[in-house]
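Tertiary structure, described
Residue strings, one per chain:
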Amino acid sequence: AVVSTQSGHYGRGRSMLQSALQRAQSFNPSTDQEISRIRCAQATIMFYIGQVGVEVEEPKEAVKSFQSCVDVLALEPVNKYNISLLLHVHNVKATVWSGRGDHDKAYKLLERAKELHAGFLHSKEPPPKSYDEIFMDEKFSSDERNVMFEKLYTNTLFYLAQVYGVKGDNKQAAAHCHITLQRQLEADDFDPLDWSLNCATLSQYYVTMNNYQSARHTLACASSVMSNVQESAENAIYSDESYDNEKIVKARADVERCWIKFCVNLLKDSVKDLEESDLMEKVSKITEMKNTFEDEEDKEEKEEEKEEEKEEEKIVKAR
């Protein structure tokens, strides 16, 4: 019954969006600015229709709507009015294709999103408008727009980390995961429990690469944020169910297990290094003894040769 009700809500929502799209398509703008605004509005509505397709698990229809959105946006040069929507639709399309198992398509879309972000930053334009700001009476400030735009790019990096992981490129997956965590921390926009666990998980990759300095750093960050969560929970700062004591204890235990793995592997590798160092020292000593022995043998042979020469000289003189 709940599923049926939700489907009904989404169905009505999609009908309302399609009606809004028809109205937007019926306008006859007279200036370039009006044309640009109408196109942006149409593309945004198409994006919303695609989002409904995602929610009701109709990925094929969702992709069609997202592609229509991209096609409309392609009629305009990239600018501060459409770049946020372009970035967002590429991110969402990538997650849909990844969910359908086509990780190559997802990768291409996310790489394109990276290019769009880099190109806009290079243009030195002011922070772009939010993709849905066109329908709002109240506008965002420049700082707010910049935060929202950079959050979209952080999502791009996060999705890329996942795609690289599925494709088996652990090095790139770890690199993008590291950047994502760093950007989330700097923006103060993250779920502390999830962030700590992701950071601790990343440390395990560094352990496998014998990069213990990075592993220790990420684990220390995870523990620090986890401690803040526990302290805040004790002071009743968090009232959300996601921060109940059981979940915090479990998350803390997961982080501590990662510390144990870190210590165990560090000890193993340290012992291995010492053994290899000791072995090399023994090989060096054996080589030195061997060289010394060979030198002594050469010396004895030379002395014997000299003695033989002296004996031959004596025999010659006696004749």
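Here the structure is shown first, and the text comes after it.
This one's a predicted model, so the numbers in the text were calculated from it and none came from an experiment.

1. Quick notes on the overall build of the protein chain
In terms of regular secondary structure, the protein chain is built from 10 helices and zero strands. Relative to its full complement of 319 residues, the protein chain shows a buried share of 31%. Sequence-distant contacts, at least 24 apart, represent 65% of the contacts inside the protein chain between residues at least 6 apart.

2. Some words on the packing of helix α2 (residues 32-55) against helix α3 (residues 59-73)
Angle between the axes and distance between the axes: these two values describe a pair of packed helices. Packing of α2 against α3 leaves a shortest axis separation of 7 Å and a crossing angle of 165°. The pairing of α2 with α3 is recorded here as roughly antiparallel in orientation. With respect to the hand of their crossing, α2 and α3 are arranged in left-handed fashion. When α2 is examined against α3, the residues R39, Q42, A43, M46, F47, I49, G50, Q51, G53 and V54 are found in contact with a partner set consisting of P59, A62, S65, F66, S68, C69, V72 and L73. Class assignment of the residues belonging to the contact of α2 with α3 gives a composition of 11 nonpolar, six polar and one charged.

3. As for the packing of helix α4 (residues 83-99) against helix α5 (residues 103-122)
Where α4 contacts α5, the axes come no closer than 8 Å and their chain directions differ by 165°. Classified by the angle between their axes, α4 and α5 sit roughly antiparallel to one another. As for how α4 packs across α5, the hand of that crossing is left-handed. Residues I83, L86, L87, H90, N91, K93, A94, W97 and S98 of α4 lie in contact with α5, whose contacting residues are H103, K105, A106, L109, L110, R112, A113, L116, H117 and F120. For the contact of α4 with α5, a count of residues per class yields 11 nonpolar, five polar and three charged.

Basis of the calculations
- Residues numbered from 1 in each chain as written.
- Predicted model: local features only at pLDDT ≥ 70, side-chain atom pairs only at ≥ 80, totals over all residues.
- Heavy atoms only, no water.
- Helix = DSSP H or I, 4+ residues; strand = E, 2+ residues; numbered from the N terminus.
- Buried < 20%, exposed > 50% of the residue type's maximum accessible area, 1.4 Å probe, protein only.
- Contact = heavy atoms within 4.5 Å.
- Axes fitted to C-alpha atoms, helices over the stretch in contact; angles between N-to-C directions.
- Parallel < 35°, antiparallel > 145°, perpendicular 65-115°, else oblique.
- Left-handed = near helix turned anticlockwise from the far one by under 90°.
- Nonpolar A, V, L, I, M, F, W, Y, C, P; charged D, E, K, R; others polar.

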